[in-house]
Amino acid sequence: MTPTQTTHHAVGTRVTAVRDEPGAFGPRVRDDMTVEVALSLMAGARVDHLVLCDGDDQSTGLVTLARLAVLSGSPAYTDRIRLRDVLGGPLA
C-alpha cells in the first residue's frame, strides 16, 4: 500500500503561489476571507503566514499565524472578522 496525502480546498477560496513580490512566498488569498477560514487554511497548508490580495489580485499585506492566534483568543473576536479588518485593526 502506498501512502497518499489528502489535500482539502475550501469552495470559493483562491490560493496561488506568490511570484510577483520579491521575498514573499506562500499561499496567496483574498483579503475578504474570514479569520476562521484563514486559520484552517494555514493549518492544512502547514504555513505560518498568508499573503493577502485585494479584488484586483494586488498584494495588500501579510498576516501571520501568531497574529491571528492572538486575535482569535481575544474577547472581541467573532467568526465574521475578515483578514482586511486585521490589517487595519489595533494589531496592525
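Bear in mind the structure is a predicted one, so any value in this text is a computation, not a measurement.

### Comments concerning the overall build of the protein
Secondary structure summary: the protein contains 3 helices and 4 strands in total. Listing every helix and strand of the protein by position from the N terminus yields β-β-α-β-β-α-α. Within the protein, contacts between residues separated by at least 24 positions form 42% of all contacts whose residues are at least 6 apart in sequence. Accessible surface, the protein: about 6,300 Å² in total, of which carbon and sulfur atoms supply 54%.

### Considering the pairing of strand E4 (residues 59–64)
Pairing between strand E3 (residues 49–53) and E4: 5 bridges, direction antiparallel. Its bridge partner being in E4, Cys-53 is matched across the sheet by Ser-59.

### Some points on unusual backbone geometry
Phi is positive for Arg-46, close to 55°, though the residue is something other than glycine. With respect to the element layout, Arg-46 can be found in the loop between helix H1 (35–45) and E3. The backbone of Asp-57 sits at a positive phi, close to 65°, despite the residue not being glycine. Relative to the helices and strands, Asp-57 resides in the loop between E3 and E4. When its relative accessible area of 28% is taken as the criterion, Asp-57 is described as partly exposed.

### Regarding the confidence of the model for the protein
Detailed reading of the predicted coordinates is not advisable wherever pLDDT falls low. Across the protein, pLDDT averages 75, with 68% of residues at or above 70. Contacts for the low-pLDDT stretch residues 5–23, under 50 throughout, to residues beyond four places or in other chains number 23 contacts.

### Some remarks on the pattern of salt bridges
Under the counting rule described, the total for this entry stands at 2 salt bridges. A salt bridge links Asp-57 to Arg-28; the shortest N-O distance between them is 3.6 Å. Here the residue Asp-57 occupies a position in the loop between E3 and E4, and Arg-28 occupies one in strand E2 (residues 27–30), the gap between them amounting to 29 residues. Arg-84 is paired through a salt bridge with Asp-31; the nearest N and O atoms lie 3.6 Å apart.

### A short note on the nonpolar core
Val-29, Val-35, Leu-50, Val-63, Leu-68, Leu-83 and Val-86 are the most contacted members of the largest nonpolar core, which has 16 residues in total. A per-element tally of this core places H1 first, with 5 residues.

### Some points on the environment of Leu-68
In this fold, Leu-68 is placed in helix H2 (residues 65–72). Separated by 18 residues in the primary sequence, Leu-68 and Val-86 place their C-alpha atoms 8.2 Å from one another. Setting aside chain neighbours within four positions, we find Leu-68 in contact with Val-35, Ala-38, Leu-39, Met-42, Val-63, Leu-83 and Val-86.

Parameters at a glance
- Residues numbered from 1 in each chain as written.
- Predicted model: local features only at pLDDT ≥ 70, side-chain atom pairs only at ≥ 80, totals over all residues.
- Heavy atoms only, no water.
- Helix = DSSP H or I, 4+ residues; strand = E, 2+ residues; numbered from the N terminus.
- Contact = heavy atoms within 4.5 Å.
- Areas by Shrake-Rupley, 256 points an atom, 1.4 Å probe, with all protein chains shown as cover.
- Pairing = 2+ DSSP bridges.
- Buried < 20%, exposed > 50% of the residue type's maximum accessible area, 1.4 Å probe, protein only.
- pLDDT = per-residue confidence, 0-100.
- Salt bridge = Lys/Arg side-chain N within 4 Å of Asp/Glu carboxyl O.
- Core = buried A, V, L, I, M, F, W, Y, C linked by side-chain atoms within 4.5 Å.

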